[in-house]
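Listed here are the chains, written in short residue letters.
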Amino acid sequence: MSSDTLAQHAAVPETPDKAGTPRIVPQRRFGQWTAAAAVLLLLALAANSVLRNDAFQWGVVADYFTSTAVLRGLWLTLWLTAVVMVLGFALGTLLAAFRLSANPVLRAVSWGYVWLFRSIPILVQLLLWFNIGALYPQIFGVKTVDLLGPVTVAIIGLTLHEAAYAAEVVRGGILSVDRGQIEAAQALGLSRRRRWWRIVLPQAMRSIVPPAGNMLIGTLKGTSIVSVIAVQDLLYSVQLVYHRTYQVIPLLMVATVWYTVVTSLLGVGQYYVEKHYARGTERTR
């Protein structure tokens, strides 16, 4: 029996049974059960308040939940999230490689990019790109107004912003791999490409996937900010409806429920991806 088990049993009172053998009595945690009951009661009261409050107009929420305008906005939100994440991590991986390079110029450029785009709020970045025509009326002989529409501006702004964070996520994942693993692969004569593909990347993914999953969910919710430049995402679509019907609360609840459903599904996917890359480690438990 370990020392922790002995210490735990020492704190538990023992009562002899009829045969005179000491009997271990489980420790009673009245405080924990009381706190749990209080929390459940508060949650029940909150749920009852939300469901029975007529101001939420759940009937209206049901009517617009699968409407054409809302589904179109949801599709654009999902598409924009996917495009931004793919482009952001592609650029972020390149920046991470620059940051880990032996070339001081590449390291400085990567550091400067991450510093700059993490310092500027995403809303300011979007507004700057949306008004880029004031700085550069033409690019390659094409008017900026015709070249950069609202959706293109949203993709550029969000991608450049996400790449700065993705670069640090990828760099941290690569640095988490023990240097001895790479040296052992070099000793076996593996090529640089095989070292990265078979040794470094699978182990780095254990550290990359959790923050990358959080970034994905954050990007999904962060796309709602593109509504300020008239991109008809999910939030902008419900805004168009409640500007016409004046049913603000139920339409906001439509967007809220959709965001909750999608983020929950992404969370489930993240769990299984983490479980896949954690095979062979204690975290698989």
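Everything quoted here is computed from the prediction, not taken from an experiment.

Asker: Please clarify how the overall build of the chain should be interpreted in this entry.
Answerer: On a plain count of helices and strands, the chain comes out with 12 helices and four strands. Within the chain, contacts between residues separated by at least 24 positions form 70% of all contacts whose residues are at least 6 apart in sequence. Carbon together with sulfur atoms contributes 64% to the accessible area of the chain, which is approximately 18100 Å² in total.

Asker: Sorry if this is basic, but what is going on with the UniProt feature "transmembrane region" (unreviewed entry) in the chain here?
Answerer: Residues given the UniProt feature "transmembrane region" (unreviewed entry) here are residues 33-51, 74-98, 110-130, 215-236 and 248-273. End C-alpha to end C-alpha, residues 74-98 measures 36 Å, and it is 100% helix and 0% strand. Taken end to end, residues 110-130 has its terminal C-alpha atoms 25 Å apart, with 90% of it in helix and 0% in strand.

Asker: Would you explain the pattern of salt bridges in this entry?
Answerer: As a working rule, side chains carrying opposite charge can pair if their charged atoms are close by. As enumerated under the stated definition, the model contains two salt bridges in all. For the salt bridge of Arg99 with Glu168, the shortest nitrogen-to-oxygen distance reads 3.1 Å. Separated by 69 residues along the polypeptide, Arg99 in helix 4 (residues 68-99) and Glu168 in helix 8 (residues 150-175) bring together distant segments of the chain. One salt bridge in this structure joins Glu168 and Arg171, with 2.9 Å as the shortest N-O distance. Within this pair, Glu168 and its partner Arg171 are both found in helix 8, separated by three residues, close to a single helical turn.

Rules of the game
- Residues numbered from 1 in each chain as written.
- Predicted model: local features only at pLDDT ≥ 70, side-chain atom pairs only at ≥ 80, totals over all residues.
- Heavy atoms only, no water.
- Helix = DSSP H or I, 4+ residues; strand = E, 2+ residues; numbered from the N terminus.
- Contact = heavy atoms within 4.5 Å.
- Areas by Shrake-Rupley, 256 points an atom, 1.4 Å probe, with all protein chains shown as cover.
- UniProt positions renumbered as here; feature names shortened; annotations may be inferred.
- Salt bridge = Lys/Arg side-chain N within 4 Å of Asp/Glu carboxyl O.

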